[in-house]
Amino acid sequence: MSHTETEIASQPDCWRRAVELARDPDGPVREALPRPGERVAVVGCGTSWFIAQAYAALREAGGQGETDAFPASEMPAGRAYDRVLALSRSGTTTEVLDLLGRLRGGVPTSVITAVPGSPVTGLADAAVVLDFADERSVVQTRWATSELALLRAHVGHGLEGLIEDGAAALAAPLPDGLAEAGQFTFLGRGWTYGVAQEAALKMREAAGAWTEAYPVMEYRHGPISVTGPRSVVWWLGEGPSGLAEEEVTGPGGRLVGYGRDPLAELVLVQRLAVAIAGRYGLDPDQPRNLTRSVILG
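The notes below deal with the structure included here. (Residues numbered from 1 in each chain as written. Predicted model: local features only at pLDDT ≥ 70, side-chain atom pairs only at ≥ 80, totals over all residues. Heavy atoms only, no water.)

1. Re the nonpolar core
- Core analysis: the biggest nonpolar cluster contains 66 residues, and I112, V128, L130, L150, F186, M203 and W234 have the highest contact counts within it.
- At 10 residues, helix 11 (residues 262-279) tops the list of elements feeding residues into this core.
- Apart from residues lying up to four places away in sequence, M203 is in contact with F184, F186, G208, A209, T211, V269, L272, A273 and I276.
- Core analysis: the second largest hydrophobic core is formed by 17 residues, M75, L99, L100 and V107 among them. (Core = buried A, V, L, I, M, F, W, Y, C linked by side-chain atoms within 4.5 Å. Buried < 20%, exposed > 50% of the residue type's maximum accessible area, 1.4 Å probe, protein only. Helix = DSSP H or I, 4+ residues; strand = E, 2+ residues; numbered from the N terminus. Contact = heavy atoms within 4.5 Å.)

2. Quick notes on helix 11
- Its 18 residues place the ends of helix 11 26 Å apart at the C-alpha level, agreeing with the 26 Å of an ideal helix rising 1.5 Å per residue.
- Extensive coverage of helix 11 is indicated by the burial of 15 of its 18 residues.
- A side-chain oxygen of the first residue of helix 11 lies 2.9 Å from the backbone nitrogen of L263; this N-cap is D261.
- Backbone geometry just after helix 11 places G281 at a positive phi near 70 degrees. (Expected span 1.5 Å × (residues − 1). Polar contact = N/O pair within 3.5 Å; in protein donor to acceptor, adjacent residues only side chain to side chain.)

3. Here's the deal with the sheet that holds strand 9 (residues 254-256)
- Overall, parallel pairing links the four strands, which are arranged 7-6-8-9 in an open sheet. Sheet topology places strand 7 (211-215) and strand 9 at the edges, where each strand pairs with a single neighbour. On average, adjacent strands in this sheet sit at an angle of 20 degrees to one another, irrespective of strand direction.
- Sheet topology places strand 6 (residues 183-188) next to strand 8 (residues 231-235); five bridges connect them, and they run parallel. Following the sheet pairing, F184 is matched in strand 8 by V232.
- Strands in contact with helix 9 (residues 192-207) are strand 6 and strand 7; relative to strand 7, the strand with the most contacts, it is inclined by about 175 degrees.
- Where helix 11 meets the sheet, it contacts strand 6 and strand 8, and its direction lies at approximately 155 degrees from that of strand 8. (Pairing = 2+ DSSP bridges. Axes fitted to C-alpha atoms, helices over the stretch in contact; angles between N-to-C directions.)

4. A word on the environment of R136
- By the element assignment, R136 lies in the loop between strand 5 (126-129) and helix 7 (142-154).
- Sequence-wise, R136 and G62 are 74 residues apart; in three dimensions their C-alpha atoms are separated by 34 Å.
- With residues up to four places along the chain from it excluded, the contact list for R136 reads H3 and E7.

5. With respect to the packing of aromatic side chains
- On inspection of all chains with the given rule, the structure shows four aromatic pairs.
- With 6.2 Å between their ring centres and 10 degrees between their planes, F184 and F186 make a pair best called stacked. An identical accessibility class is assigned to F184 and F186; each is buried.
- Through successive ring pairs, a cluster of aromatic residues spans F184, F186, W234 and Y258. (Phe/Tyr/Trp six-rings, centres within 6.5 Å; stacked < 30°, edge-to-face > 60°.)

6. Overview of the pattern of salt bridges
- Per the stated rule, a full pass over the model turns up 12 salt bridges.
- When the shortest N-O distance is used, the salt bridge between R79 and D68 registers 3.8 Å. One end of the pair, R79, is in the loop between strand 2 (67-71) and strand 3 (83-88); the other, D68, is in strand 2, with 11 residues separating them in the sequence.
- With a relative accessible area of 22%, D68 lands in the partly exposed category.
- As a salt-bridge pair, E135 and R89 come within 2.5 Å of each other at their nearest N and O atoms. (Salt bridge = Lys/Arg side-chain N within 4 Å of Asp/Glu carboxyl O.)

7. Points about the sheet that holds strand 4 (residues 109-113)
- Taken together, five strands build an open sheet; the order of strands is 2-1-3-4-5 and the sheet is parallel. The open sheet terminates on both sides in strands that have one partner only, identified here as strand 2 and strand 5. Taking the axes of each pair of neighbouring strands and ignoring which way they run, one obtains an average angle of 20 degrees across the sheet.
- Alignment of strand 1 (residues 40-44) against strand 2, held across five bridges, turns out to be parallel. Bridge pairing in strand 2 places V43 opposite F70.
- Where helix 4 (residues 47-61) meets the sheet, it contacts strand 1, strand 2 and strand 3, and its direction lies at approximately 170 degrees from that of strand 2.

8. Details of the environment of E135
- Examined against the element boundaries, E135 turns out to sit in the loop between strand 5 and helix 7.
- Engagement of the side chain of E135 in a polar contact is seen with the backbone nitrogen of T141, the distance being 2.7 Å.

9. A few points about the pairing of strand 3
- Within strand 3, six of the six residues are buried, leaving the element largely enclosed by the surrounding structure.
- The alternating pattern of strand 3 places R83, L85 and L87 and V84, A86 and S88 on opposite faces, both of which are buried.
- Examined bridge by bridge, strand 1 and strand 3 share four bridges and lie parallel to one another. Across the sheet, A41 pairs through a bridge with V84, a residue of strand 3.
- Where strand 3 and strand 4 come together, five bridges link them in parallel fashion. If you follow L85 over to strand 4, its bridge partner there is S110.
- For the handedness criterion, the β-α-β arrangement of strand 3, helix 5 (residues 94-103) and strand 4 is classed as right-handed. (Right-handed = clockwise from strand over helix to strand, strands pointing away.)

The following block contains the structure:
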């Protein structure tokens, strides 16, 4: 098995540990993560930006305070926040380090990372370390989902059935015909739009596939034009609310979505990405043109 496959398979156990950490009254989460009522900016790069989008939507929808998500390189200067939360698996990403350095001594900052003692932990005021979810693969799988499981638990989001859904997504055979598709569009609503973005990124990184991601209701506003006989439109969440199946199948596409927790649905996408990579002789552990961390000179 590739490192990516091993890390995909470990996700339910990592989620369990992340949820336990979030609920530990004496653990680091209580002091490091945003408190109800704080105005918060969440930043990251790549996968971490998409997880930031999901968390921002969850936190604000839960009434815990205004929450914005930005790529670390694009956070607007001069906005007033009570806390900035940075997400970085490696703790070495240049744009995240630059931003934390500029904010140091001003707005309180926190970081979630996988590596104890990494540079971000020296620049942020507080840190949560998920070292059990670190990865050898360049492609992020269990890190991203464990980070989001932690954040969901922290805001009190329902996680009933998450572990069971994850195990089911690992055990289920890959649906027939998906590995042969030529184009994937992932759809989400609210916090699951960030998950849809991450699903599309995994397919691009691991499999080099043509993938896109949109909010469900935006599908009609342009994305529908690329749907055809080799297209898959995949919704993440409770259902493609507001989208009729015939709007996908009419142009010849295939609408899929299996009703599991969106993190478990993402597991199935990750498995499919690895299968497509294998079909074309690609190495999901070492995708083209990518490194574990982007460190700029």
